[in-house]
Amino acid sequence: MRLSSRLIDVHEKRAGDARPFWNDCRDACLLGGCFCCRFNSLLDAARALTEETRPDVLIAEPVGSCTDLVATVNLPLQQIYGEQFEIGPLSVVVDPIRARRALGLEEGRKFSENVVYIYRKQLEEAQVIVINKTDLLSAEEQAELTNALNSEFPQARVYRVSARHSANLQPWFEDLMTQAFDPGATMDVDYERYGVGEALLGWLNATVTLEHLDGEEFDGNALITDVAADLRSRLQTEGTEIAHMKMILSADPDGYELAALNCTSTERTPELSHRLTDEIDHGELLINLRAEAAPEVLEQALQATLTMLRTRQLEVKLTHCEHFRPGQPVPTHRVKIQDLKMQDSR
């Protein structure tokens, strides 16, 4: 369940090696907001999926900058709809380099303090913290990060995995399937500061159609890599830190054959996760970008990158573009476990 139908993960999961698995699964997109602020829409989506497919498990992935999920999503679900849904542990998956910098274990580019406030609040309420991309760290760096997380967030069980290499995933999955949701005390959240941090992260979602002016075929994998590298370079020049940049290029109306790319920091080289098998003469490019910058800065950088593309004998049309700041979070419900315990004791 996600924020918009134009987000890339929904398209990517149906492609390539993932297709046989995902053909047996269904998804729903939550439009126009996050889980906490559109709680009733989240519940409607969960009920619709349940009625349609009778799943054993529903996996809900919120917007990456959401926090206070225990009080605004998990506890309301448990208290109001506990007979319909059994709530599992809240997992927070972290990039190891970003986590090390947020915890002061190494120097380097990182988000501003109000954004880091949200990041640390996410860790504070997690029952499970998953260090992903362990292949990026040495054994000593992994141990140092694990120790720091255990020390600062002792309520959480910490796992180290590499999703790319399918390494050490099973213990985490077993935890999700066997452990109960048990949040302890509800954390305090400064919602004014939370809203400021959210607003610092600008959004841009865009759709671009591409067609060679002479009908010649071109290397789509090289093109999407060049687009991402050019856009990243422009943002780096502006001093902008990327939270995530995802792109998909497809010439297939069904979206099964595509090139997919992601970049999770301004310092890192964009990486292809799926490749087109053949050259193409036209395609549709989807772009999702979130970074610590004004939305107008993101849109200007994209326009400059598209101008660069037009020098390659390509007809380039920007058919959709939305760029915005999230509004102040206003949750539908906010339940404190402390208040529930007081009610039970009366």
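Residues numbered from 1 in each chain as written. Predicted model: local features only at pLDDT ≥ 70, side-chain atom pairs only at ≥ 80, totals over all residues. Heavy atoms only, no water.

Asker: Tell me about the overall build of the protein, and name the residues and values.
Answerer: What the protein contains, in helices and strands, is 12 helices and nine strands. The buried share among the 346 residues of the protein stands at 47%. When contacts within the protein are restricted to residue pairs at least 6 apart in sequence, those whose partners lie at least 24 apart make up 79%. Carbon and sulfur atoms make up 46% of the accessible area of the protein, which totals about 17200 Å². (Helix = DSSP H or I, 4+ residues; strand = E, 2+ residues; numbered from the N terminus. Buried < 20%, exposed > 50% of the residue type's maximum accessible area, 1.4 Å probe, protein only. Contact = heavy atoms within 4.5 Å. Areas by Shrake-Rupley, 256 points an atom, 1.4 Å probe, with all protein chains shown as cover.)

Asker: Describe the sheet that holds strand β1 (residues 91–94), and please don't skip the residues or the numbers.
Answerer: Across a sheet, paired strands are connected by hydrogen bonds in the backbone, their directions being either parallel or antiparallel. As summarised here, the arrangement of the three strands in space is β1-β2-β3, forming an open sheet in which the pairing is parallel. Where the open sheet ends on each side, the last strands, each with one partner, are β1 and β3 (157–160). Averaged over neighbouring strand pairs, the angle between their axes works out to 20 degrees when direction is ignored. In this structure, strand β2 (residues 128–131) lies alongside β3, joined through four bridges in parallel fashion. (Pairing = 2+ DSSP bridges. Axes fitted to C-alpha atoms, helices over the stretch in contact; angles between N-to-C directions.)

Asker: Give me the packing of aromatic side chains: which residues, what numbers.
Answerer: Taken as a whole, this structure holds three aromatic pairs when the rule is applied. Geometrically, the ring pair formed by Trp 172 and Phe 173 is tilted, given 5.5 Å between the ring centres and 35 degrees between the ring planes. Assessed through its relative accessible area of 36%, Phe 173 is described here as partly exposed. (Phe/Tyr/Trp six-rings, centres within 6.5 Å; stacked < 30°, edge-to-face > 60°.)

Asker: Tell me about the pairing of strand β5 (residues 242–250), residues and numbers included.
Answerer: Sheet analysis places β5 next to strand β8 (residues 282–292), joined by eight bridges and oriented antiparallel. Looking across to β8, one finds that Ser 250 is bridged to Glu 284. Alignment of β5 against strand β6 (residues 258–263), held across six bridges, turns out to be antiparallel. Looking across to β6, one finds that Met 247 is bridged to Leu 261.

Asker: I'd like to hear about helix α6 (residues 113–125), residue by residue, with values.
Answerer: An ideal rise of 1.5 Å per residue puts 18 Å on 13 residues; α6 measures up with 19 Å between its terminal C-alpha atoms. Along α6, the positions that sit buried rather than exposed are Val 115, Val 116, Tyr 117, Ile 118, Tyr 119, Lys 121, Gln 122, Leu 123 and Glu 125. (Expected span 1.5 Å × (residues − 1).)

Asker: Quick one: what's the story with helix α9 (residues 191–200), residue by residue and with numbers?
Answerer: Among the residues of α9, Tyr 191, Tyr 194, Gly 195, Gly 197 and Glu 198 are the ones counted as buried. Across the axial projection of α9, the buried residues extend over an arc of 165 degrees, all falling on one side. In this structure, the buried residues of α9 make contact with α4 (69–81), α6, β4 (201–212) and β8. With a side-chain oxygen positioned 3.1 Å from the backbone nitrogen of Glu 192, the residue opening α9 is Asp 190. (Arc of directions from axis to C-beta. Polar contact = N/O pair within 3.5 Å; in protein donor to acceptor, adjacent residues only side chain to side chain.)

Asker: So, the environment of Glu 61: which residues are in play, and what are the values?
Answerer: The topology assignment puts Glu 61 in the loop between α3 (39–53) and α4. Classification of Glu 61 as partly exposed rests on a relative accessible area of 39%. Between the alpha carbons of Glu 61 and Val 92 there is a distance of 10.0 Å; along the sequence they are 31 residues apart.

Asker: Give me the confidence of the model for the protein: which residues, what numbers.
Answerer: Close inspection of predicted coordinates is inappropriate in any region flagged by low pLDDT. The share of residues in the protein with pLDDT of 70 or more is 89%, and the mean pLDDT across the chain is 89. Within the model, the stretch residues 1–5 combines pLDDT values under 50 with 31 contacts to residues more than four positions away or in other chains. (pLDDT = per-residue confidence, 0-100.)

Asker: Explain the side chain of Thr 305 to me, and be specific about the residues and the numbers.
Answerer: Position of Thr 305 among the secondary structure elements: in helix α11 (residues 295–309). Classification of Thr 305 as buried rests on a relative accessible area of 0%. A distance of 2.7 Å separates the side chain of Thr 305 from the side chain of Asp 230, its partner in a polar contact. Non-local contacts of Thr 305, meaning those with residues more than four positions away in its chain, are made with Val 227, Asp 230, Leu 231 and Arg 234.

Asker: Hey, could you go over the sheet that holds β4 for me, with residue numbers and the actual values?
Answerer: Taken in spatial order, the six strands of this open sheet run β7-β6-β5-β8-β4-β9, and their pairing is antiparallel. If you trace the sheet from one side to the other, it starts and ends with β7 (271–274) and β9 (314–324), each paired once. For this sheet the average axis-to-axis angle between neighbouring strands, irrespective of direction, equals 15 degrees. In terms of strand pairing, β4 meets β8 through 11 bridges, oriented antiparallel. By the bridge assignment for β8, Leu 210 is matched with Gly 283. Contacts from α9 reach β4 and β8 within the one sheet, and its direction differs from that of β4 by about 20 degrees. Packed on one face of the sheet, α11 meets β4, β8 and β9 and runs near 175 degrees to β9.

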